[in-house]
Every structure is written in C-alpha cells, then in structure tokens.
Amino acid sequence: MFGRFMPTEGKFFEIFNAHAKCMVDASLELERLIDDLPNAEVHKQNVQANEKRADKLTHECIDLLHKTFITPLDREEVHKLITTMDDILDLMEDVATAVSLYDVRAVTSEANELAHVCRLTCERVQTAVGLLHDMKRASAILKACEEIDRYESDADRLLRSAMSKLFREEDDVKTLIKLKAIFELLEAVTDKCEDVANIIEGIVLENA
C-alpha cells in the first residue's frame, strides 16, 4: 500500500542521457581546446559550463535515488554509474584547467590524437548509456562497451608513444613537465570511460 504513494522510477534514464550529452559536448570543446590553443580560454569555459551542468544532474540523480521507492536499476549501480560519469567531466575540466594554469602554448601531435580519442570514447559512452533503458538491446550496449575498451587501449598506446618521444626530444624541463601532465590527464579520461563501460557491462549481465 505504502509503495503506491512513492515514485516508481523517476527520470533516471533521462538524467543519464542528459549527463552523457554534457560529457560529449565537453569532449568536443576539449578537442577544440587542444587544437586551438590561442582560444583555449573560451574552450575551457565551455568545458567548465558542461561540467557544472553535469554536476547538477549528478546531484539531481542522487537526490531522486533517495526519494524513489522502486528504481529501474539496482540503487548501487545507479549511484556508481552517475558518479563515475561525473568523474569523466571532472577529468576533462582538469585538462582544460591545466592547459590554462601551465600556460601551454604548444602541444605535440600525440596530444591532439589523445584529445580526439577522448571524444570518440565519450561518444561511445553516450551510445551505451542511451540504450540502457532497453535490455533487449543488450548486444548493442555490449558492442559500445567493447569499442570503449578498444579506444582506451588506443589511448594507452598513444600515451606510451607520447612519453617516449617527449623524454627523447624535449630538452626544456618545464615544457616536459607540462606536457607530461596533459598527456596523463587526457589518457585518464579514457580510463574513466572504461570504468563506466565496466559498470554498464555489469548492469547488462545482471538485467538482460
């Protein structure tokens, strides 16, 4: 009887999708930032704006979780998914802030490639999240997760290549330290996307 007066599912999937859109929009701005350093400040502000929107969505989701009697997914899974997605936005903001803070004026081609892979990985996360409401699409969800894993591996290889080249060719210690930090943060974005993929795979295996 009590359950009839409680929210049943809320807007969890809508929030997930809105959050994923913020993530993709931020990744586009991050890619533009790395490709367009003279206008880095504008792109940084756009990344931060998306991070703030996503942060509000995270709080909305967690608040809804406390108010909802029956959730469409396990409560722990909902919490873990939205907070890990939020971590992706935080890391992208960290990259944008680091470029500004360190006054980075130029990057190597590997940084551009890593930013590109970040965007592609975020787009696949959006795909997987967008299908979560329909477990009949389990195979498509798992395919997107596999693609996320593949992009994360690509980012690992790019990072190793970038570091090797950096330590061989860069003589200025300050520049080396700055670029090393940027490379590692960009790669960390794809690591966190892989964490989201692992959460989604677990959800599919339990619910499909």
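Residues numbered from 1 in each chain as written. Predicted model: local features only at pLDDT ≥ 70, side-chain atom pairs only at ≥ 80, totals over all residues. Heavy atoms only, no water.

Named according to an unreviewed UniProt entry, the protein is Phosphate transport regulator originating from Mycetohabitans endofungorum.

**Q** What am I meant to see in the overall build of the protein here?
**A** A count of helical and extended segments in the protein gives six helices and zero strands. For the protein, the N- to C-terminal ordering of α and β elements is α-α-α-α-α-α. The globule rule puts the C-alpha radius of gyration for 208 residues at 17 Å, and the 19 Å found for the protein is close to it. Principal-axis analysis of the C-alpha atoms places the extent of the protein at approximately 70 × 30 × 20 Å. Taking the intrachain contacts of the protein between residues at least 6 apart in sequence as the baseline, contacts between residues at least 24 apart amount to 84%. When the accessible surface of the protein is totalled, it reaches about 10,400 Å², and 51% of it is carbon and sulfur. Counting 26 positive and 42 negative side-chain charges, the protein places the centres of these two groups 3 Å from one another. (Helix = DSSP H or I, 4+ residues; strand = E, 2+ residues; numbered from the N terminus. Rg over C-alpha atoms; globule rule 2.2 N^0.38 Å. Contact = heavy atoms within 4.5 Å. Areas by Shrake-Rupley, 256 points an atom, 1.4 Å probe, with all protein chains shown as cover. Lys, Arg positive; Asp, Glu negative; His and termini not counted. Charge placed at Lys NZ, Arg CZ, Asp CG, Glu CD.)

**Q** Just checking my understanding: could you explain the packing of aromatic side chains for this structure?
**A** For any pair of aromatic rings, the description rests on two quantities: the centre-to-centre distance and the angle between the ring planes. According to the stated counting rule, one finds one aromatic pair in the structure shown. Where F13 meets F16, the ring centres are 6.1 Å apart and the plane angle is 75 degrees; that geometry is what we call edge-to-face. Note that F13 and F16 are positioned in helix 1 (residues 12–35) at a spacing of three residues, about one turn of the helix. One residue, R150, lies across the ring of Y151, its end atom 5.8 Å from the ring centre. (Phe/Tyr/Trp six-rings, centres within 6.5 Å; stacked < 30°, edge-to-face > 60°. Lys NZ or Arg CZ within 6 Å of the ring centre and 35° of its normal.)

**Q** I tried to follow the packing of helix 4 (residues 109–131) against helix 5 (residues 138–169) on my own but got confused; where do I start?
**A** It is at 9 Å that the axes of helix 4 and helix 5 come closest, and there the two elements cross at 165 degrees. The orientation of helix 4 with respect to helix 5, classified from their angle, is roughly antiparallel. In this structure, helix 4 crosses over helix 5, and the sense of that crossing is left-handed. In terms of residue class, the contact of helix 4 with helix 5 is made up of 16 nonpolar, four polar and five charged. (Axes fitted to C-alpha atoms, helices over the stretch in contact; angles between N-to-C directions. Parallel < 35°, antiparallel > 145°, perpendicular 65-115°, else oblique. Left-handed = near helix turned anticlockwise from the far one by under 90°. Nonpolar A, V, L, I, M, F, W, Y, C, P; charged D, E, K, R; others polar.)

**Q** What am I meant to see in the nonpolar core here?
**A** In summary, soluble globular proteins display a tendency toward joint burial of nonpolar side chains. Within the largest apolar cluster, 72 residues are counted, with the highest numbers of intra-cluster contacts made by F16, L81, M92, F183, L186 and I200. Only helix 1, helix 2 (40–67), helix 3 (75–101), helix 4, helix 5 and helix 6 (173–207) provide two or more residues apiece to this core. Ignoring sequence-local partners within four residues, the contact set of I200 consists of L81, A128, V129, L132, I141 and C145. (Core = buried A, V, L, I, M, F, W, Y, C linked by side-chain atoms within 4.5 Å. Buried < 20%, exposed > 50% of the residue type's maximum accessible area, 1.4 Å probe, protein only.)

**Q** Can you walk me through unusual backbone geometry in this structure?
**A** For residues that are not glycine, phi is negative in most cases, and the peptide bond is trans in most cases. Positioned with a positive phi, D103 is a non-glycine residue whose angle comes to about 55 degrees. Note on placement: D103 falls in the loop between helix 3 and helix 4.

**Q** What should I look at first to understand the pattern of salt bridges in this one?
**A** Two side chains that carry opposite charge are able to pair once their charged atoms sit near each other. In the structure shown here, the tally under the stated rule is 14 salt bridges. As a salt-bridge pair, E110 and K165 come within 3.6 Å of each other at their nearest N and O atoms. On the criterion of sequence distance, the pair formed by E110 in helix 4 and K165 in helix 5 is long-range, its members being 55 residues apart. Salt-bridge contacts for R119 lead to E123; the nearest nitrogen and oxygen are separated by 2.8 Å. (Salt bridge = Lys/Arg side-chain N within 4 Å of Asp/Glu carboxyl O.)

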